[in-house]
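Coordinate inspection notes
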Amino acid sequence: MNIMIVGVGGQGTLLASRILGAAALRAGKQVKLSEVHGMSQRGGSVVTYVKYGDRVASPVIEQGEADMIIAFEELEAYRSLPYLKKGGVMIVNTQKTNPMPVITGAMEYPADILETMKEKGVNVVACDALALAKEAGNIKSVNVALIGVMAKNSPLSKEIWEGALEDAVPAKFLEVNQKAFALGYNH
Amino acid sequence: MKKLMLGNEAIARGAYEAGVNVASSYPGTPSTEITEFVAKYDEIYSEWAPNEKVAVEVASGAAIAGGRALSAMKHVGLNVAADPLFTMSYIGVNGGLVLCVADDPGMHSSQNEQDSRNYAIAAKLPMLEPADSGECRDFMKAAYDISEQFDTPVLMRLTTRVAHSQSEVELFPRQEVPVKAYKKDVAKNVMVPANARPKHVIVEKRMADLVAFNNTSALNKLEMNDTKVGIITAGIAYQYAREACPSASFLKLGMIHPLPEQLIRDFVSKVDVCYVIEELDPVLERQIKAMGLAVRGKEEFTLLGEYSASMIREKLCGSTSEASYSVDETIPVRPPVMCPGCSHRGVFYVLNKLKLAVSGDIGCYSLGCAKPLDSIDSIICMGASISGLHGMEKAQGREFAKKSVAVLGDSTFLHSGITGLIDMVYNKGTSTVIILDNSITGMTGHQNNPANGFTIKGEPAKQVDLEKLCHAVGVDLVTVADPFDVENFEKVVKEHLAAEEPSVIIAQRPCALLKIAGYTGCCEITSDCKNCKMCMRLGCPAISMTENGPKIDATLCNGCGLCTNVCKFGAIVQK
């Protein structure tokens with residue numbers, strides 16, 4: 001199982017990958033995660049790979065290999081599209097953050113990204129995770145709301161995901177994140 | 001008990017379990033977390049040193065004094081630490097000494113793509129290279145045993161994809177290794193020519209002994225499958241090759257220097273065709289070819305960047321993998337940017353406005369090279385902004401110094417900028433230096449340093465007074481200024497450029513990501529906006545141009561207020 005998490009530096013993608021890793025461990029699988037630290041975290045495109053199975057060698061997911069992509073931002077979803085496997089699921093947080101070429105006016109933010117992807121036959125699951133996070137009581141739980149959406153589409157059981165939340169989320173933020181997860185799961 | 005760990009965390013765990021006593025490092029991506037995780041173990045004394053040379057010397061002293069010691073750095077950090085490295089190879093150890101060096105193929109966060117394995121050859125040191133987090137832990141423990149058995153420092157080489165990938169690690173308790181007795185041993189530890197000459201003989205003998213050790217070492221793994229294709233590889237390249245060609249036979253090296261010659265000869269003789277697969281330089285390949293063995297390597301594979309399973313599959317099996325979906329238009333890139341509220345933004349706004357030549361340095365402020373701030377002319381290495389600018393002045397003359405500055409961070413200044421400043425003062429330079437004092441080592445993820453007055457564990461420590469330090473080396477004109485007061489900051493820069501003497505401006509404002517920055521709320525553009533686009537020159541990710549003029553994104557803005565200071569019409573207000 002190959003899952004990619006894509007977003008903009010600072011969006012909390014690392015916690016999402018930790019929950020995925022904990023879930024795979026609970027399912028008794030070998031798991032590898034590859035993260036990005038350092039310069040590109042400063043508001044740049046960030047990508048995390050999570051791979052699990054009976055044996056995982058390379059920690060990196062390549063073009064056409066991702067079963068699922070969790071995108072924290074629409075343009076980053078679009079950028080990652082070549083990595084999605086035929087028939088894979090693209091989970092997209094309907095949020096737009098302008099990159100510098102758009103801010104400076106050198107380029108335009110692509111219009112109708114979700115529609116374009118659907119026209120290509122991509123299984124797009126769109127979700128306003130910020131609204132779910134607000135409903136859960138903390139806007140920082142966007143990442144866990146998206147994990148909830150993803151869990152619903154994954155072959156692992158709900159119990160495994162709930163256990164993974166307890167493994168990966170600090171105790172004092174657990175309750176709000178459990179709410180966000182449930183809102184995403186039932187989205 | 002098993003735990004998912006970053007390669008870097010597993011290195012720290014291995015050090016802990018191996019009974020390490022002392023760790024000293026300077027942060028550098030992708031090595032930083034090694035020392036951050038070490039600092040979580042109270043059994044290990046840990047510290048941030050001002051630079052890698054100091055760190056390796058601290059670790060060397062600890063090893064000579066009988067403790068097990070560690071230093072971790074990025075590839076270019078080993079350049080800084082190369083001086084103690086080469087002579088510690090002669091001195092050897094008392095307690096074990098392991099130096100971790102993390103290379104960055106693909107340059108995710110680096111200024112060059114150098115291959116640190118060349119240092120193992122040049123300094124005549126054993127080098128180990130793990131391929132996942134489990135091996136990171138295992139190899140650390142093996143490295144301390146090798147270090148003490150062969151009386152040598154050991155290099156542990158990582159690459160970004162091992163350092164920053166997580167995989168399972170089995171945890172074991174710490175093995176307490178008592179600090180050995182300190183012994184004065186002049187012949188061993190005093191490297192004057194008379195002592196170093198006999199030591200060189202010992203070093204060469206040690207290398208031969210290590211070859212024999214490596215021929216039978218359990219660090220190397222032989223996986224015999226189909227013998228039509230054999231692959232000699234190590235580290236992350238093994239993982240890519242294993243995924244690409246699971247049916248091939250593998251000699252996976254764990255100790256990559258000195259090479260296990262007999263093991264390699266035996267393997268090559270058992271397979272029809274043998275490939276050497278390694279990222280960056282043909283370090284293994286050259287040595288194996290020098291053994292007279294027919295192997296293929298860089299004839300097939302690139303010297304550049306990271307490898308991948310699909311690249312190896314294509315070369316070895318001729319099969320290509322294709323994307324199922326494509327993006328049919330050019331979409332905007334998303335390069336890293338200075339954060340909203342970044343304290344450096346005001347500085348670069350002024351430098352851009354004054355059209356100065358800027359000698360840059362290594363840190364978040366390297367991003368000042370990007371549009372629209374677009375105001376860095378050169379970046380070489382840590383600390384080179386000041387010395388480089390001094391060289392520019394000496395080549396171009398005094399007039400050049402009136403329209404150029406050096407910029408570097410507080411941590412970078414203490415790392416190796418201070419020596420450049422001493423040079424400039426001593427040799428009668430007149431250039432202007434701007435120290436960006438944001439109270440933290442920013443780029444590598446917020447490490448304390450001597451200029452902010454806190455230790456690696458967050459305990460208060462003596463704080464370097466940058467102003468007094470500059471005065472002490474002979475700079476008479478030192479001004480502390482807030483870079484967000486852009487009008488005053490511009491005035492100060494002009495005064496310093498005009499002064500017929502070397503000078504320093506300390507641009508003081510904390511990193512926006514620190515709590516002490518104290519930003520709240522956000523800024524808003526009012527109906528007084530004349531659409532002059534002055535605020536767009538800041539390159540703030542929170543301000544975008546729309547059909548109706550500039551707009552501030554409230555989810556990104558942290559209310560730092562810099563834009564309110566550059567608006568000539570008072571059309572931006574803090575809420």
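In this text the structure is predicted, and so the values were computed from the model without any measurement.

**As for the overall build of chain A**
Counting secondary structure elements, chain A contains eight helices and six strands. Element order for chain A, N to C, with α for helix and β for strand: β-α-β-β-β-α-β-α-α-β-α-α-α-α. At 16 Å, chain A has a C-alpha radius of gyration in line with the 16 Å of a compact globule built from 187 residues. Taking the principal axes of the C-alpha coordinates as reference, chain A spans close to 45 × 40 × 35 Å. For chain A, long-range pairs separated by at least 24 residues make up 62% of all intrachain contacts whose partners lie at least 6 apart in sequence.

**Overview of the pattern of salt bridges**
All names here are of chain B. Applying the stated criterion across every chain, the model contains 44 salt bridges over all chains. Across the salt bridge formed by R157 and E129, the nearest N and O atoms sit 3.0 Å from each other. Of this pair, R157 sits in strand β7 (residues 154–159) while E129 sits in the loop between β6 (127–128) and α7 (133–150), and the two are 28 residues apart along the sequence. The exposure class assigned to R157 is buried, which follows from its relative accessible area of 3%. On the accessibility criterion, E129 (3% relative accessible area) is buried. Note that R242 and E223 form a salt bridge whose closest N and O atoms lie 3.3 Å from each other. Of this pair, R242 sits in helix α11 (residues 235–244) while E223 sits in strand β9 (residues 221–223), and the two are 19 residues apart along the sequence. A single network of salt bridges, built from pairs that share partners, joins D103, D115, R117, E129, R157 and E278.

**Structural notes on the pairing of strand β2 (residues 22–25) of chain B**
All names here are of chain B. The alternating pattern of β2 places V22 and S24 on one face and A23 and S25 on the opposite face, and all of these are buried. The pairing of β2 with strand β3 (residues 45–48) spans four bridges and is classified as parallel. Note that in β3 the partner of S25 across the bridge is W48. With respect to chirality, the unit in which β2 leads through helix α2 (residues 32–38) into the neighbouring parallel β3 is right-handed. Pairing of β2 with strand β4 (residues 69–74) involves two bridges; the strand directions are parallel. Paired with V22 across the bridge in β4 is A69.

What counts and what doesn't
Residues numbered from 1 in each chain as written. Chains lettered and ligands numbered in written order. Predicted model: local features only at pLDDT ≥ 70, side-chain atom pairs only at ≥ 80, totals over all residues. Heavy atoms only, no water. Helix = DSSP H or I, 4+ residues; strand = E, 2+ residues; numbered from the N terminus. Rg over C-alpha atoms; globule rule 2.2 N^0.38 Å. Contact = heavy atoms within 4.5 Å. Salt bridge = Lys/Arg side-chain N within 4 Å of Asp/Glu carboxyl O. Buried < 20%, exposed > 50% of the residue type's maximum accessible area, 1.4 Å probe, protein only. Pairing = 2+ DSSP bridges. Right-handed = clockwise from strand over helix to strand, strands pointing away.

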